[in-house]
Amino acid sequence: MADNDSNALKAAADAVTIIDMRYRAASINDKIILKPQRDAAYDAYSKARLKLLEDGVIATDEDVAELEAIRAEIAQAAETQALMIGAARLIAALAKFI
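In this report, the structure presented in the accompanying data block is examined. (Residues numbered from 1 in each chain as written. Predicted model: local features only at pLDDT ≥ 70, side-chain atom pairs only at ≥ 80, totals over all residues. Heavy atoms only, no water.)

### Some points on the overall build of the protein
Here's step 1: Along the backbone of the protein there are 4 helices and 0 strands.
Here's step 2: Starting at the N terminus and ending at the C terminus, the protein contains elements arranged as α-α-α-α.
Here's step 3: Principal axes of the C-alpha set define a box for the protein whose edges measure 45 × 20 × 15 Å.
Here's step 4: When the 98 residues of the protein are sorted by exposure, 35% land in the buried category.
Here's step 5: Sequence-distant contacts in the protein: of pairs separated by 6 or more residues, those separated by 24 or more amount to 77%.
Here's step 6: For the protein, the distance from the average position of its 12 positive side-chain charges to the average position of its 16 negative side-chain charges is 8 Å. (Helix = DSSP H or I, 4+ residues; strand = E, 2+ residues; numbered from the N terminus. Buried < 20%, exposed > 50% of the residue type's maximum accessible area, 1.4 Å probe, protein only. Contact = heavy atoms within 4.5 Å. Lys, Arg positive; Asp, Glu negative; His and termini not counted. Charge placed at Lys NZ, Arg CZ, Asp CG, Glu CD.)

### Describing the packing of helix 1 (residues 4-25) against helix 2 (residues 28-52)
Here's step 1: Two elements in contact, helix 1 and helix 2, have axes separated by 10 Å at closest approach and are oriented at 160 degrees. Here helix 2 runs roughly antiparallel to helix 1, going by the angle between their axes. In terms of crossing hand, the pair formed by helix 1 and helix 2 is left-handed. Contacts from D5, A8, L9, A12, A13, V16, I19, D20, Y23 and R24 of helix 1 reach helix 2 at K31, L34, K35, R38, A41, Y42, Y45, R49 and L52.
Here's step 2: Along the lines of polarity and charge, the residues of the contact of helix 1 with helix 2 split into 12 nonpolar, no polar and 7 charged. (Axes fitted to C-alpha atoms, helices over the stretch in contact; angles between N-to-C directions. Parallel < 35°, antiparallel > 145°, perpendicular 65-115°, else oblique. Left-handed = near helix turned anticlockwise from the far one by under 90°. Nonpolar A, V, L, I, M, F, W, Y, C, P; charged D, E, K, R; others polar.)

### Notes on the nonpolar core
Here's step 1: In terms of nonpolar packing, the biggest core is built from 28 residues, with I19, L67, I74, L90, L94 and F97 touching the most fellow members.
Here's step 2: Those elements giving two or more residues to this core turn out to be helix 1, helix 2, helix 3 (61-76) and helix 4 (80-95).
Here's step 3: Broken down by element, the residue count for this core peaks at 8 residues, all from helix 1.
Here's step 4: Not counting residues up to four positions away in its chain, the partners in contact with I74 are A15, I18, I19, R22, L83, G86, A87 and L90. (Core = buried A, V, L, I, M, F, W, Y, C linked by side-chain atoms within 4.5 Å.)

### A short note on the environment of K35
Here's step 1: By secondary structure assignment, the location of K35 is in helix 2.
Here's step 2: On the basis of relative accessibility, which here comes to 37%, the residue K35 falls in the partly exposed class.
Here's step 3: Placed 12 residues apart in sequence, K35 and Y23 show a C-alpha to C-alpha distance of 7.5 Å.

### Topic: the pattern of salt bridges
Here's step 1: Inspection of the entire model under this criterion finds 7 salt bridges.
Here's step 2: A salt bridge links K10 to D14; its shortest N-O distance comes to 2.9 Å. A residue pair is termed a helical-turn pair when its members lie 3 or 4 positions apart in one helix, as K10 and D14 do in helix 1 at 4 residues.
Here's step 3: With a closest N to O distance of 3.3 Å, K47 and D43 form a salt bridge. Taken as a pair, K47 and D43 lie in helix 2 at a separation of 4 residues, close to a single helical turn.
Here's step 4: Here K47 falls in the partly exposed class, since its relative accessible area comes to 42%.
Here's step 5: Each of the salt bridges in this network shares a partner with another, and the network as a whole consists of K35, R38 and D39. (Salt bridge = Lys/Arg side-chain N within 4 Å of Asp/Glu carboxyl O.)

Quick look at the structure:
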């Protein structure tokens with residue numbers, strides 16, 4: 001059986017890393033727009049991470065699939081608005097673990 005908590009953590013960590021790298025490469029104007037969403041996504045990841053590291057498995061196959069789809073969406077976001085939407089979806093998906 002797969003360790004869904006570890007897989008969920010990896011997908012979420014990859015997603016926030018992509019958001020960070022896209023933020024780093026953004027123009028100053030886009031950084032101003034992205035910063036609140038970037039910070040909120042990392043905050044949600046940090047809180048979910050603490051729960052996912054506890055004993056017992058709480059993430060389902062569906063949770064992992066959703067996080068992996070969101071990570072792919074974030075990776076493919078060509079515009080700031082699409083990146084912000086992906087970050088908002090990530091925040092919502094991680095909220096179930098907090």
